[in-house]
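As a plain string of letters, each chain reads:
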Amino acid sequence: MSIDRDRLKRAAADRAVEFVESGMVLGLGTGSTAGFVIERLAARIAGGLRIVAIPTSEHTAELACRLGIPLTSFAEHRHIDLAIDGADEVERTRLDLIKGRGGALLREKIVAAASRRFIVVVDDEKLVDRLGEHTPIPVEVARFGWQATAAALERLGAEPVLRQSDGLPFVTDGGNLILDCRFAPIEDAQQTERLINMTVGVVENGLFAGRSSAVIVASESGIRIMTRQS
Ligand code: 5RP
């Protein structure tokens with residue numbers, strides 16, 4: 001029997017929105033699960049909830065605007081109370097993440113870093129023993145010299161592939177390119193995140209080590225809230 005992943009994603013999203021309180025500054029993620037968060041949030045706002053939100057992509061900004069969610073920016077608010085976002089892979093003990101299949105990893109990481117709490121919403125298919133089991137690490141790079149940056153990433157052990165969209169290089173909201181970098185399953189996410197970012201030409205990468213406050217996982221047997229084991 002096939003499992004309805006969207007139903008599970010929506011269940012995780014709905015549970016996460018229960019943590020939102022009036023007066024909060026929120027970070028809004030990008031992707032299909034974050035889209036369900038935005039829909040649920042809009043319903044709560046229609047019922048009287050008062051929040052403002054910083055979106056992590058132009059796509060999320062457009063969706064939030066359309067559904068009546070008031071937006072703000074870092075010009076008005078330096079700190080975010082709570083960010084809610086999806087992920088591509090979640091390492092099940094440390095709750096480190098791979099993000100960026102939607103191409104929004106740079107803004108997503110800026111928002112996560114500025115947030116007091118960062119709640120991740122996934123279905124159980126995203127849980128892995130080691131990051132990189134299924135998903136390459138998206139690395140956002142400057143357009144200029146991207147081939148040289150790709151060669152430097154190869155020297156770190158990656159197999160970089162330039163992301164395409166409709167036969168053309170995919171361009172991020174920041175005007176950069178993405179190299180999807182397959183590595184052997186990651187032993188030390190923090191170290192790998194740092195090493196990739198030390199490469200000249202790299203703007204940011206999709207490893208999020210030590211950032212999740214909690215991960216809400218939806219499966220056929222219900223919702224589980226995972227917190228980091230120290
Ligand atoms: C976008 C992301 C998304 O959160 C991630 O790709 C998960 O997406 P989805 O909820 O559609 O499975 O990192 O840059």
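Residues numbered from 1 in each chain as written. Predicted model: local features only at pLDDT ≥ 70, side-chain atom pairs only at ≥ 80, totals over all residues. Heavy atoms only, no water.

1. Brief notes about the packing of aromatic side chains
Note the cut-off: For Phe, Tyr and Trp, where Trp contributes only its six-membered ring, two rings pair if their centres lie within 6.5 Å, and the inter-plane angle classes them as stacked under 30 degrees, edge-to-face over 60, or tilted in between. Lysine and arginine charges are scored as sitting over a ring when NZ or CZ, respectively, is within 6 Å of the ring centre and within 35 degrees of the ring normal.
Taken as a whole and assessed by the stated rule, the structure comprises one aromatic pair. The ring of Phe208 carries the charged tip of Lys109 above its face, separated from the ring centre by 5.1 Å. The side chain of Arg163 reaches across the aromatic face of Phe170, ending 5.5 Å from its centre.

2. Points about the site of the ligand
Put simply, the rule is: Here, proximity means that at least one heavy atom of the residue falls within 4 Å of the molecule or strand. Polar contacts, as used here, are pairs of N or O atoms within 3.5 Å; protein pairs need one atom able to donate a hydrogen and one able to accept it. Residues neighboring in sequence count only if both atoms are side-chain atoms. Note on areas: Shrake-Rupley with a 1.4 Å probe; residue coverage comes only from the protein chains shown. With a 1 Å grid laid over protein atoms only, a set of points is called a cavity when a 1.4 Å probe fits there but cannot get out and a pocket when it is open yet has protein on both sides within 12 Å along at least five of seven lines; lining residues have an atom within 4 Å of a point. To be counted as sitting in a cavity or pocket, a molecule needs more than half of its atoms within 2 Å of that site's grid points. All amino acids are sorted into three groups, where Ala, Val, Leu, Ile, Met, Phe, Trp, Tyr, Cys and Pro are nonpolar, Asp, Glu, Lys and Arg are charged, and the leftover types, Gly among them, are polar.
Around the ligand lies a shell of 17 residues, among which Ser32, Thr33, Asp88, Gly100 and Lys126 are the nearest. Gly102 is positioned such that a nitrogen or oxygen atom in its backbone is 3.3 Å from an oxygen atom of the ligand. Burial of the ligand by the protein amounts to 91% of the accessible area it has alone, namely 380 Å². Taking a 2 Å distance to the grid points as the criterion, the majority of the atoms of the ligand fall inside the largest pocket. Tallied by class, the residues present in the shell around the ligand amount to two nonpolar, eight polar and seven charged.

3. Description of the sheet that holds strand 2 (residues 52-55)
Note the following rule: When DSSP finds two or more bridges between a pair of strands, those strands are recorded as paired. To qualify as a helix, a DSSP run of H or I must reach at least 4 residues; to qualify as a strand, a run of E must reach at least 2; elements of each kind are numbered from the N terminus. Every angle, taken between N-to-C directions, lies between 0 and 180 degrees, and every axis is a line fitted to C-alpha atoms, over only the stretch in contact when it is a helix.
Ordered in space as 2-1-3-6-15-16, the six strands form an open sheet in which the pairing is mixed. Each having just a single partner strand, strand 2 and strand 16 (222-227) make up the two edges of the open sheet. Across this sheet, the average inter-strand angle for adjacent strands is 20 degrees, counted without regard to direction. Direction of pairing for strand 15 (residues 214-219) relative to strand 16: antiparallel, over a ladder of six bridges.

4. Some words on the layout of surface pockets
To be explicit about the condition: Grid points are joined across faces, edges and corners, and a volume is the space filled by probe spheres set on the points.
The volume enclosed by the largest pocket comes to roughly 230 Å³. Lining the largest pocket are 16 residues, with Thr30, Gly31, Ala87, Asp88 and Lys126 sitting closest to its centre. Residue contributions to the lining of the largest pocket peak at three residues, all from helix 2 (residues 32-46). Along the lines of polarity and charge, the residues of the lining of the largest pocket split into two nonpolar, seven polar and seven charged.

5. Description of empty space enclosed by the protein
The following threshold applies: An automatic or database domain assignment supplies the residue ranges for each domain.
Under the counting rule described, the total for this entry stands at one cavity of 30 Å³ or more. In this structure, the largest cavity occupies an estimated 40 Å³ of space. Lining the largest cavity are Glu91, Arg94, Asp96, Asp129, Arg130, Leu131, Ile186, Glu187 and Ala189. Split into classes, the residues belonging to the lining of the largest cavity amount to three nonpolar, no polar and six charged. Each of domain 1 (5-128 + 209-223) and domain 2 (137-204) gives at least three residues to the lining of the largest cavity.

6. Focus on unusual backbone geometry
Positive phi values are uncommon outside glycine, yet Leu95 reaches one of about 60 degrees. With respect to the element layout, Leu95 can be found in the loop between strand 4 (89-91) and strand 5 (97-98). The phi torsion at Asp166 lies on the positive side, around 50 degrees, for a residue other than glycine. By the element assignment, Asp166 lies in the loop between strand 10 (164-165) and strand 11 (168-169).

7. Focus: the domain arrangement of the protein chain
Operational definition: Contacts are residue-level and defined by heavy atoms, with any inter-residue pair within 4.5 Å sufficient. Two parts placed together each lose some accessible area under a 1.4 Å probe, and the buried area is that loss summed for both.
In terms of domain boundaries, the protein chain breaks down into domain 1 (5-128 + 209-223) and domain 2 (137-204). Inter-centroid distance (C-alpha atoms) of domain 1 to domain 2 is 24 Å. The partner domain 2 presents 15 residues to the 16 residues of domain 1 that form the contact. Across the domain 1/domain 2 interface, buried area totals approximately 1,200 Å², and carbon plus sulfur atoms make up 55% of it.

8. Here we look at helix 3 (residues 58-66)
Inclusion rule: Exposure categories follow from relative accessible area, calculated using a 1.4 Å probe and restricted to protein chains: below 20% of the type maximum is buried, above 50% is exposed, and the middle band is partly exposed. To obtain the arc, one takes the directions from the helix axis to the C-beta atoms.
Along helix 3, the residues classified as buried are Thr60, Ala61, Leu63 and Ala64. Down the axis of helix 3, the buried side of the element spans an arc of 165 degrees, and every buried residue falls inside it. Across from the buried face of helix 3, at angles greater than 90 degrees, the exposed residues are His59, Cys65 and Arg66. Where the residues of helix 3 are buried, they touch strand 1 (25-28), helix 2 and strand 2. Gly68, located one to two residues past helix 3, shows a positive phi value of around 85 degrees.

9. Overview of the nonpolar core
Keep this limit in mind: Definition of nonpolar core: a set of buried residues of the types Ala, Val, Leu, Ile, Met, Phe, Trp, Tyr and Cys, connected through side-chain atoms within 4.5 Å.
Counting residues in each nonpolar core, the largest one holds 27 residues, and the members touching the most others are Val20, Leu26, Leu41, Ile51 and Ile69. Of all elements in the fold, only helix 1 (5-17), strand 1, helix 2, helix 3, strand 3 (80-85), strand 6 (115-123) and strand 15 reach the threshold of two or more residues within this core. The biggest single contributor to this core is helix 2, with six residues. In contact with Ile51, other than residues within four places in its own chain, are Val20, Glu21, Met24, Leu26, Leu41, Ile45, Ile69 and Pro70.

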